[in-house]
Structure formats: C-alpha cells, structure tokens
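So the chains spell out like this:
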Amino acid sequence: MYIVQIASECAPVSKVGGLGDVVYGLSRELEIRGHTVEIILPKYDCMRYDHIWGLHEAYNDLWVPWYDGAIHCTVDCGWVHGRLCFFIDPHSEDNFFNRGCYYGSSDEQMRFAFFSKAALEFLLRTNKRPDIIHCHDWQTGLVPVLLFEIYKYHGMENQRVCYTIHNFKHQGAVGTNILAATGLNNEPYYYSSDRLLDDNHPCLNLMKAGIVYANFVTTVSPNHAWEARHTDVGCGLGHILYVHQHKFSGVLNGIDYDVWNPESDRYIPHPYSRANIQGKIQNKKALRDRLLLQDADKPIICYIGRLDNQKGVHLVHHAMYYALNRGAQFVLLGAATEKKINSWFWHEKNHLNDHPDCHLELGFNEELAHLIYAGADMIVVPSNYEPCGLTQMIGLRYGTVPIVRGVGGLVNTVFDRDYDQDRLPEKRNGYVFYQTDNQALESAIERAIGLWHRYPKEFRKLMLQGMEYDYSWNHPGADYVGIYDYIRHR
Ligand code: ADP
C-alpha cells in the first residue's frame, strides 16, 4: 500500500507531544511491513533541521487556492531518520509557519486549514495518488472534507482517509470564514449538525469534520474510545461518535523499541535485559550518584511527564511526600507550562533541595529520562485522563513497575498485581487505583512499597512479568494495516 500521513508534528523534527511520536513510529512500522509511506508536514521555522537529511526543494510551483486568489508555496523534501518527509512552505504575508513556535497563534485554525488544503493540492499537482491518507487531530480534520467535497472531482476519487484523534480536548472551533478561505462554498450545507456545526456552540468544529467525513476514525487506546463515547472525556463529541460508531475504534499506540531498549540504550551506563537484570541495580546506583541521593535500602519511585492538570499534578505532589514518609526515594522529571504550577514545583524543589531521598528536575531532559526509567523501581502515573500514555509502557520495558490511575490507555496496559480478575497472576504487571483522592493513590503505593521491602523476590517477578509485554509498534501496526485494508475495499 501507498500511505501518506498528513500531520502537524513528526518526531523528532517537529515534536511537541505524543502525536509526533506516533506519526514517526507508525510510519516506520508500516515501512518495515513493506508499505510505502510519505509524511507531509508544515515547514516551521523552529523545526529541528539537524534531524533532516538531504533537505532540498522538491516542487516550486504550488499555488494553493485561498479565498479568491491563491498562495504560492514551495515544497521541500528530506529524510527524517529514514522517513521521507515533505515540508510545505507558503510564501505570503500570513507567514503561517514562521512564528518561532509550533502552536499558540491567534489564527491557529486558519494556519492548519491552509496546511490541510495545501497538502491535498500538493498531492493533486504532483500526481501522487496514495491508497490511504492518514491524518491526525483537529489540525488536519478538514482533509477528508476537502478530499470528498472538492478533490474527489479533480481525479482523487480513489483515496481513503483514516483519521486519528490523539486528544479530544482541542477540537479546532472556528468561524464560517474558513469555508470561504478553503473553497467550501456552500455555508448552509456545511453549517449543519450532521456536518461541521459544533454540537454545543454556534461555530464549526474541525475535529467533528474529521469524524463525519473520514472513512475510519481511531483514537489511541480501546478504553479511551469507550470513554470518549460514554463520558465527558469526549468533550462534547460523544453524540457524533455514537452516530459514526460503525467506523470508530481505539488502537493502542506503541513505543519505539529501538529508542526504548535497555539492552542498547546509549543514555544508560549499564545495559540490561530480562535475562540479565543485574544492570538495573547498577543503573539505580548511577542514578543516585547523578542526582546526589543517598545509597540506602529503599526503592526509588519516579514521575516523568508534563506537570499539568491532565497528569493529576496534585496526586503527583502527594505521591512525592507520601513516598518519602513511607521509606522510599522520589525522583521527578517534568516541565510545567502553567505559571502557577511551575512556581509551585520550583518552590518544592527549593524546599527539598538538600533532601537525601528526593530530587526534582524541572524542565525537559531526554537523556536523564532514560536513566530514570532504567534506575527507578516504580513509576507513578496518576492522570486525570490519559488517551494512551507512553511513560507506563516505557516503564514496563525497563522493568520499572507502573502505579497508575485506571483511566484511558492505562487500563489497557497495566494490570493490577493483587486485584486484576481477568488475568492470571503471572500476567499481571503493576498497580492500579481508580479514585482521584489521596487515599486511593496511597493504598496503591503502599502495596508496591510493601512488596518491595517484604517480598523482594515477588517484586522482581513482577518486574520481569512487565518486561515480557510487547508494547512495540508491532501490534498497532498490524491493526492499522487491517483498518487501511478494510476502508480500501469497501
Ligand atoms: P503526553 O500527554 O505528554 O503526550 P505521553 O505519556 O503520551 O504524554 O508521552 C510523554 C513522552 O514525553 C514520554 O516519552 C516521556 O518520556 C517524555 N517526557 C515527558 N516529560 C518529559 C521531560 N520533562 N523530560 C524528558 N522527557 C519527557
């Protein structure tokens, strides 16, 4: 199959969060399976150009219809760690992608509506006719609308669209001027509840547009797919997902097993594996040395992730003090975007600065993240909501036992050692709690610390059971190929 991904991010060249990881990781897996993949991205001024090989101009005469005129674009092309990427570079006063950052502009919807239109125009003009167009999140929700309402009538009648939602929170609410801009010239037709009209506000909704028009819609875990339809996690899209339930499902994300591999990880001093777990103990020592923690008979509990409300930041904070009170060490690596949360954790960092059992590292640090995954005994993930979650899967890969709240993809990946009724004891891999109060978290941490102290052999068994799980792109890759095949032949 010939697959084109259209997205606003791709790791590591333009990565803000999990979306970038998925676009890269899935594309790589599809290629390993023998498919041809190309990725279309905006050409941001702030991209990591050092991750692009052989960047050159591929097409210099792309005129993208926009309002009553057209915007001239060039399209550059290069390889991002083996993936062939095309970068759309518009030349207009709008300066859509030269803002010094990926997101956060006031004309955000217009920027990505233009990108969606430009990507299709590029495919049309260069005679690229993929079997599948896979697009992601609200930024590219207009792609299937434009394809089936306009481009289909210009020779693109055989293309099929898979649309993946990574975060329901941001949906691309926008006024009707976007219709005139993109050539969807029939306002009453699109401004209707069975097409683009938001179900709760008097505006258009680009994520809803993607759901209505795509041939298949996915979100990033089976449990999150259920939550989106039946709970407020769908942020108002539950009804439209119900209407289109026949073409909606959850496919669990994978993690890149080349990047996240304790046997070959270049950021950890002592490689290890399931068969030879000794290195993990040495990495624990290296982590302590690096962070100036005391060498004591204590487990290390870690948190790695954004510090915001989605991630249950109050529970992260509580986990830290509870762990310290219960004879454990705690290591936190995280960055906050909200000012209030940022100063809160800086205050904690200063307060705990000389504590021999605690270290807070505030900021983004890829290299340190690897050492923490390798050196910690447990990782806590107390999210309020979590579409899929990668840190628990990385933890499992590194023999770091996850303690998670039972929401979203965490439910599909972590199975409670003591209470999971659906799995045999030898298939369980962590600890799960459900409520958002401190006590729920405490009881899960208590069970984990208790096992570590009193039954070290059992704890080690639990670690090894977790390491046995395969959360690579292998299974999700097969699932997506199944979806592509299904929509191609309908
Ligand atoms: P998100 O909601 O942020 O996408 P995920 O769990 O899906 O959360 O993915 C988080 C990814 O970002 C993981 O690979 C994690 O290791 C990494 N990460 C998060 N915060 C940091 C940080 N401060 N430093 C280094 N890596 C981080």
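What counts and what doesn't
- Residues numbered from 1 in each chain as written.
- Predicted model: local features only at pLDDT ≥ 70, side-chain atom pairs only at ≥ 80, totals over all residues.
- Heavy atoms only, no water.
- Helix = DSSP H or I, 4+ residues; strand = E, 2+ residues; numbered from the N terminus.
- Rg over C-alpha atoms; globule rule 2.2 N^0.38 Å.
- Buried < 20%, exposed > 50% of the residue type's maximum accessible area, 1.4 Å probe, protein only.
- Contact = heavy atoms within 4.5 Å.
- Areas by Shrake-Rupley, 256 points an atom, 1.4 Å probe, with all protein chains shown as cover.
- Expected span 1.5 Å × (residues − 1).
- Pairing = 2+ DSSP bridges.
- Axes fitted to C-alpha atoms, helices over the stretch in contact; angles between N-to-C directions.
- Domains from an automatic or database assignment.
- Buried area = accessible area lost by both parts, 1.4 Å probe.
- Polar contact = N/O pair within 3.5 Å; in protein donor to acceptor, adjacent residues only side chain to side chain.
- Nonpolar A, V, L, I, M, F, W, Y, C, P; charged D, E, K, R; others polar.
- Near = heavy atom within 4 Å.

**Description of the overall build of the protein**
Of the regular secondary structure elements, the protein holds 17 helices and 17 strands. Taken over C-alpha atoms, the radius of gyration comes to 23 Å for the protein, in line with the 23 Å a tight globule of 490 residues would show. In terms of principal-axis extent, the alpha carbons of the protein reach across some 70 × 45 × 45 Å. Among the 490 residues that make up the protein, the fraction classed as buried is 61%. Considering only contacts in the protein between residues 6 or more positions apart, those separated by 24 or more positions represent 72%. Carbon and sulfur atoms form 49% of the exposed surface of the protein, whose accessible area is close to 19800 Å².

**Here we look at helix α9 (residues 278-291)**
Given a rise of 1.5 Å per residue, 14 residues ought to cover 20 Å, and the 21 Å separating the end C-alpha atoms of α9 matches this to within 8%. When α9 is considered as a whole, its buried residues turn out to be G279, K280, N283, K284, A286, L287, R288 and L291. Residues of α9 that are buried in the fold lie against β12 (300-304), β13 (329-334), β14 (358-362), α12 (366-375), α15 (438-454) and α16 (456-468). At the C-terminal side of α9, L292 shows a positive phi close to 60°.

**Comments concerning the sheet that holds strand β15 (residues 378-381)**
With parallel pairing, six strands are arranged side by side in an open sheet as β14-β13-β12-β15-β16-β17. Because the sheet does not close on itself, it has two edges, and the strands there are β14 and β17 (431-433). Pairwise comparison of adjacent strand axes, ignoring direction, gives a mean angle of 15° for this sheet. As paired elements, β13 and β14 share five bridges and run parallel to each other. Along β14, the bridge assignment pairs V331 with H359. Contacting β12, β13, β14 and β15, α12 crosses the sheet at an angle of about 145° to β12. Contacting β12, β15, β16 (401-405) and β17, α15 runs over the sheet at an angle of about 165° to β17.

**Looking at the domain arrangement of the protein**
The accessible area lost on association of the parts is a frequent measure of interface size. According to the domain assignment, the protein contains domain 1 (2-254 + 474-488) and domain 2 (278-468). Computed from C-alpha coordinates alone, the two centres of domain 1 and domain 2 are separated by 34 Å. Of the residues lining the interface, 14 residues belong to domain 1; the matching set on domain 2 comes to 13 residues. In this assembly, domain 1 packs against domain 2 so that about 990 Å² is buried in total across both faces, 62% of it on carbon and sulfur atoms. Across the contact surface, domain 1 and domain 2 share six residue pairs in polar contact (both at pLDDT 80 or more). For the side of domain 1 that touches domain 2, the leading source of residues is helix α7 (residues 222-230), giving four residues. A class-by-class count of the residues in the side of domain 1 that touches domain 2 yields four nonpolar, seven polar and three charged.

**Focus on the site of the ligand**
Close to the ligand lie 18 residues, the nearest being R306, K311, G363, Y373 and L390. The separation between an oxygen atom of the ligand and a polar side-chain atom of R306 is 2.8 Å. At 3.0 Å, a side-chain N or O of K311 approaches an oxygen atom of the ligand. Alone, the ligand offers 570 Å² of accessible surface; in the complex the protein occludes 89% of this. Looking at the shell around the ligand, the elements that each hand over two or more residues are β13, α12 and α13 (391-397). Broken down by element, the residue count for the shell around the ligand peaks at three residues, all from α12. Grouping the amino acids of the shell around the ligand by side-chain chemistry returns seven nonpolar, eight polar and three charged.

**Some details on the pairing of strand β3 (residues 52-66)**
Pairing of β3 with strand β4 (residues 69-80), which is carried by 10 bridges, proceeds in the antiparallel orientation. Residue L62 lies in a different strand from β4, and its bridge partner there is C73. Between β3 and β4, which pair antiparallel and follow one another directly, the connecting turn spans two residues, one of which, Y67, has a positive phi of 50°.

**Things to note about the environment of I52**
On the secondary structure map, I52 appears in strand β3. Classification of I52 as buried rests on a relative accessible area of 10%. With 27 residues separating them along the chain, I52 and W79 place their C-alpha atoms 5.5 Å apart. Here I52 is in contact with V13, M47, G78, W79, V80 and F87, once residues within four sequence places are set aside.

**Topic: the sheet that holds strand β2 (residues 36-42)**
Pairing between the strands of a sheet comes from backbone hydrogen bonds, and it takes one of two forms, parallel or antiparallel. Strand order in the open sheet made by the nine strands is β3-β4-β5-β2-β1-β6-β7-β10-β11, with mixed pairing throughout. With partners counted over all chains shown, the strands left at the sheet margins are β3 and β11 (248-250), one partner each. Here the strands of the sheet are splayed against their neighbours by 25° on average, with no regard to which way each runs. In this structure, strand β7 (residues 160-165) lies alongside strand β10 (residues 216-219), joined through four bridges in parallel fashion. The residue bridging I165 from the neighbouring strand is T219, located in β10. Against the sheet, α7 engages β10 and β11, with an angle of about 135° to β11. Sheet strands in contact with helix α17 (residues 474-488) are β1 (2-6), β6 (132-136), β7, β10 and β11, and its direction is about 140° off that of β7.

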